[in-house]
Amino acid sequence: MNPRRAARTLGLSLVQAIPTVIGVILLSFFLLQAVPGDAADVIAAESGSATEAGMAAMRSQFGLDRPVLQQLGAYLGNLASLNLGISPRYNLPVSDLIFSRLGNTVLLMFSALGCALAAGITLGAVMATFVGRWPDRVLSLAALLLYSTPGFWLGLMAIILLSVQLSWLPPGGVSTIGAPATGLAHALDVARHLVLPTLALAGFYVAIFARLTRAAMLEVSRQDFVRTAHAKGVAPTAVALRHVLRNALIPVTTVAGLNFGTLLGGAVVVETVFSWPGLGRLAYESVMARDYVVLLGILVLSSLLVIVANILVDLLQTLLDPRVRVGG
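Just so it is clear, the model here is predicted, and its values are computed rather than measured. (Residues numbered from 1 in each chain as written. Predicted model: local features only at pLDDT ≥ 70, side-chain atom pairs only at ≥ 80, totals over all residues. Heavy atoms only, no water.)

Trainee: Can you help me understand the overall build of the chain in this one?
Mentor: Summing up its helical and strand segments, the chain has 13 helices and zero strands in all. The secondary structure elements of the chain, listed N-terminal to C-terminal, are α-α-α-α-α-α-α-α-α-α-α-α-α. Each of the three principal axes of the chain carries a C-alpha extent, and together these read 85 × 55 × 40 Å. Every one of the 328 residues in the chain was classed for burial, and the buried ones make up 39%. Restricting to contacts in the chain with at least 6 residues of sequence separation, those with at least 24 account for 75%. Here the chain displays about 17500 Å² of accessible surface, and carbon together with sulfur accounts for 68% of that area. Distance between charge centres in the chain, computed from 21 positive and 15 negative side chains, equals 18 Å. (Helix = DSSP H or I, 4+ residues; strand = E, 2+ residues; numbered from the N terminus. Buried < 20%, exposed > 50% of the residue type's maximum accessible area, 1.4 Å probe, protein only. Contact = heavy atoms within 4.5 Å. Areas by Shrake-Rupley, 256 points an atom, 1.4 Å probe, with all protein chains shown as cover. Lys, Arg positive; Asp, Glu negative; His and termini not counted. Charge placed at Lys NZ, Arg CZ, Asp CG, Glu CD.)

Trainee: Would you mind going over unusual backbone geometry with me for this structure?
Mentor: What you tend to see is this: most non-glycine residues have negative phi, and most peptide bonds are trans. You will see that N91, though not glycine, has its phi angle at about 55°, which is positive. By the secondary structure assignment, N91 is in the loop between α4 (68–80) and α5 (94–129). Residue classification places N91 among the exposed residues on the basis of a relative accessible area of 51%. Of note in this structure, S167 is not a glycine but carries a positive phi near 55°. By the element assignment, S167 lies in the loop between α7 (151–165) and α8 (183–220).

Trainee: Explain the pattern of salt bridges here, please?
Mentor: Any two side chains of opposite charge can pair, so long as their charged atoms come close to each other. What the rule picks out here adds up to three salt bridges. Put simply, E285 and R101 hold a salt bridge, and the shortest N to O gap is 3.5 Å. Here R101 lies in helix α5 and E285 lies in helix α12 (residues 279–288), a separation of 184 residues in the sequence. With a relative accessible area of 24%, E285 lands in the partly exposed category. The closest approach of N and O atoms between R214 and D136, which form a salt bridge, is 2.9 Å. Taken together, the residues span a long stretch of sequence, with R214 in helix α8 and D136 in helix α6 (residues 134–148) at a distance of 78 residues. Residue classification places D136 among the buried residues on the basis of a relative accessible area of 4%. Here the residues in one salt-bridge network are R101, R281 and E285, joined through shared partners. (Salt bridge = Lys/Arg side-chain N within 4 Å of Asp/Glu carboxyl O.)

Trainee: When you look at the nonpolar core in this model, what are you seeing that I'm missing?
Mentor: Within the largest apolar cluster, 40 residues are counted, with the highest numbers of intra-cluster contacts made by L196, F209 and M217. At the level of secondary structure, the elements contributing two or more residues to this core comprise α5, α7, α8, α9 (224–231), α10 (236–258) and α11 (260–273). Per element, the largest residue contribution to this core is 13 residues, and it comes from α8. Not counting residues within four places of it along the chain, the set of residues in contact with M217 comprises G124, A125, A128, V244, L245 and A248. (Core = buried A, V, L, I, M, F, W, Y, C linked by side-chain atoms within 4.5 Å.)

Trainee: What should I look at first to understand a nonpolar patch on the surface in this one?
Mentor: Taken together, I18, I22, L26, F30, V68, L69 and L76 make up a surface patch of nonpolar side chains, about 610 Å² in accessible area. Among the elements of the structure, α1 (3–34) and α4 are those that each provide at least two residues to the nonpolar patch. Per-element accounting of the nonpolar patch gives the leading share, four residues, to α1. Within the fold, L76 resides in helix α4. (Patch = residues over 30% accessible without salt bridge, like charges linked within 9 Å, V, L, I, M, F, W, Y side chains within 5 Å.)

Right, here's the structure in full:
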C-alpha cells in the first residue's frame, strides 16, 4: 500500500469521524435525560430506608439536580479532559469501570468477527464453486437457518447441548474459579469459556458473510479479466484465489465494518446469557440501575470503536483494490 494514500485515507476518515462522535454524544445525552428516574431512585428503592434529604444530597453530589444544559456543559467539560465522570451506583470513576470490562468485550467481538469471516468466506467460496449443485443447496439452507435463528436462543441451545448434556465446555463466565490467573493454563481456560459466546454471537454473521461471498464471487467470475486469466492458461485455483476471491472480499469487508456496531449491540444479549463480564453486560446493569453516566460512557466508547473499525476497513479496501479512493 502506498504510505501517502494510506495517510490520506486515515486523515479523511478521522475528519469525517469528528461530527459523528459529537452527534453520538449529544443524541445519547438527551435521550438518556428523557428517560424517567435516575440512580438515586434505584438506590433508594434498594435500601428501603432512604429519606428525601438523603436522596437530595445524593443528587446534589453527582449533579443530578442541575438543569439539563448545565449537566451537558459539565459532562462536555469533563470529556474534554478525558474524564467520563463518577458512577453514582458504584461510586467509582466510569473510566475504571469501562476499562475493567473493555478487554473482555474486545476479545469476544474479535473472536466472533474472525470466526464469522473465516467460516462465512469459506462456506461462500464452496457455495460459489458448486453453484446449483447439492453442496450449494445444503449450505444455502444452513445459512438461512443461521440467519433466522436469534443469537440468545442459539446460545441457550449451545449451553444445553455442549455444557449440560455433553459437559464439553463451561456454561458461562470468563474463567474457572480457582484456576491459575496467568500463563498458558489461564489462556486455555479463557479460550474454553470463549467458545460458546463466540458461536452464539457469530452464527448470524456467518450466514450474512457466506451469502455475500457467494453472490460476490459469482458476479466477479463473469468479469472480463477473469475470462482473460482463464484464456491465458492460469490455473483455476489461482484464478479463484487471486482474482475472484480477492475482488469478492471488497463488499464482504464493507459489510463487516458496517455490522461492527450491530455486533457490539448483540454482545449485550450474549454477555448476559453467558455471564461474560464485558461492556454489554455492564450496559445492561447500568440501564437497570439508571446509572446513565456509565451508560453514556459506554455509548461514547462504543462509537469510537465502530469508527476505528470502519477506518481499518477503509485501509483494508485500499489494500485489496488500489482503485478504491476514499472521500472521492
